[in-house]
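An overview of the molecular structure
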Amino acid sequence: MKNFAVMFSGQGAQKTGMGKEFYDNFDICKKTFDEASEALGMDVAALCFKPDERLNQTEYAQPALLTVSIAAYRLLHSEGFTPDVLMGLSLGEYSALCAAGAIDFEDAVKLVRNRGRIMTEFAQAGGMMAAIGLSKEILDEICVRAKVEGYVTCANFNTPDQTVLAGEKAALDFCVPEIRAAGGKAMLLKVSGPFHSKLLEKAAEEFAKELAGLRVLQTNIPVISNLTADIFDAKSYIEQLTQHMISPVRWVECVRKAENMGISAYIELGSGKTLVNFVKKIDDNSEAFSVENIKDLEGLRERK
């Protein structure tokens, strides 16, 4: 394949059984899970494959998804697939940085577990809500009106007609009838905090301490940053990754950047087809598909 990007799933995509087919059938994938288990002092395969309520807790979901993502990426790479661009949604950006050689895998799983713990422990109370069918300008106006109840802001620009809001519960509740009155749809998300907003400023300050001792190299494949919608620069990784925690995810612009770089196909690794569906709504001229089991892998081989 030529001119393709690999995308990595973000938190929320986790599900019981993710990665099991690859684990059971490919040594390189089993080895990845074993490395994660040793680094974290826990059985990551059991966490992913057996019913476990921890899989929906941020501290555990993040290293689990990163492990599944990197196991799949290593498998694809072993079969001769080398992407031209890497990108990931929120947490998925860490998988992209690991795949690009910027962060060692053992360091990455430890880092995102601590990231999840810090996000849960230090984030101010609040939540997130998907708003569908309204422009950024209309949503910004609704957020301004919601200030009578508290803080809320646009946090994820997923597609041209889907934006996620993050904020305090009362402010989010205020937004629901406002969004519907404007002709949109609103859906509260099952997340543990108001991610990608200033309500995580204390968490970002704490996370900066974790990043200070991290060894980050320049990427060997370009990684498109959620923060800037441009190429990630390892020289300023502490600033970029702390700001990433409290700033909007500019996914639409990230896909546009990839498109401008000549990307015409996208492969999602991790769990599910969320990013595939996003891409199809952003760039309908490109192919997009996920690879999360052997059948998907066989389909990819046929495209090679």
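Cut-offs and rules
- Residues numbered from 1 in each chain as written.
- Predicted model: local features only at pLDDT ≥ 70, side-chain atom pairs only at ≥ 80, totals over all residues.
- Heavy atoms only, no water.
- Buried < 20%, exposed > 50% of the residue type's maximum accessible area, 1.4 Å probe, protein only.
- Helix = DSSP H or I, 4+ residues; strand = E, 2+ residues; numbered from the N terminus.
- Arc of directions from axis to C-beta.
- Core = buried A, V, L, I, M, F, W, Y, C linked by side-chain atoms within 4.5 Å.
- Contact = heavy atoms within 4.5 Å.
- Pairing = 2+ DSSP bridges.
- Axes fitted to C-alpha atoms, helices over the stretch in contact; angles between N-to-C directions.
- Salt bridge = Lys/Arg side-chain N within 4 Å of Asp/Glu carboxyl O.

**Here we look at helix H11 (residues 251-260)**
Turning to H11, its buried residues number three or more, namely Trp251, Val252, Cys254, Val255 and Ala258. On an axial view of H11, the arc spanned by its buried residues comes to 160 degrees, and they lie on one face. At the exit of H11 stands glycine 262, carrying a positive phi of roughly 95 degrees.

**Considerations on the nonpolar core**
In terms of nonpolar packing, the biggest core is built from 78 residues, with Phe33, Leu86, Ile267 and Leu269 touching the most fellow members. With near-sequence residues (within four places) excluded, isoleucine 267 lies in contact with Met1, Phe4, Ala5, Val6, Met7, Leu76, Phe289, Val291 and Leu300.

**Quick look at the sheet that holds strand S3 (residues 127-132)**
Pairing is antiparallel across the open sheet formed by four strands, whose spatial order is S4-S5-S3-S6. Each edge of the sheet is formed by a strand with only one pairing partner; in this case those strands are strand S4 (152-159) and strand S6 (185-188). The average angle at which neighbouring strand axes cross in this sheet is 25 degrees, direction not considered. Taken together, the four bridges between S3 and S6 define a ladder with antiparallel strand orientation. Along S6, the bridge assignment pairs alanine 130 with methionine 187.

**Focus: the pattern of salt bridges**
Summed over the entire model, instances satisfying the criterion amount to 20 salt bridges. For the salt bridge of aspartate 230 with lysine 257, the shortest nitrogen-to-oxygen distance reads 3.4 Å. Placement of the pair is aspartate 230 in the loop between helix H9 (201-212) and helix H10 (237-246) and lysine 257 in helix H11, with a sequence separation of 27 residues. Across the salt bridge formed by glutamate 259 and arginine 256, the nearest N and O atoms sit 3.4 Å from each other. Of this pair, glutamate 259 and arginine 256 both sit in helix H11, three residues apart, which is roughly one turn of the helix. On the basis of relative accessibility, which here comes to 34%, the residue arginine 256 falls in the partly exposed class.

**Details of the environment of serine 290**
Positionally, serine 290 belongs in strand S8 (residues 287-290). The spatial distance from the C-alpha of serine 290 to the C-alpha of glycine 88 is 13 Å, given a sequence separation of 202 residues. With near-sequence residues (within four places) excluded, serine 290 lies in contact with Glu268, Gly272, Lys273, Val276 and Asp296.

**Topic: the environment of cysteine 175**
Mapped onto the secondary structure, cysteine 175 falls in helix H8 (residues 169-181). The spatial distance from the C-alpha of cysteine 175 to the C-alpha of phenylalanine 49 is 38 Å, given a sequence separation of 126 residues. Sequence-distant contacts of cysteine 175, that is, excluding residues within four places in its chain, are made with Met129, Ile142, Ala146, Val152 and Leu165.

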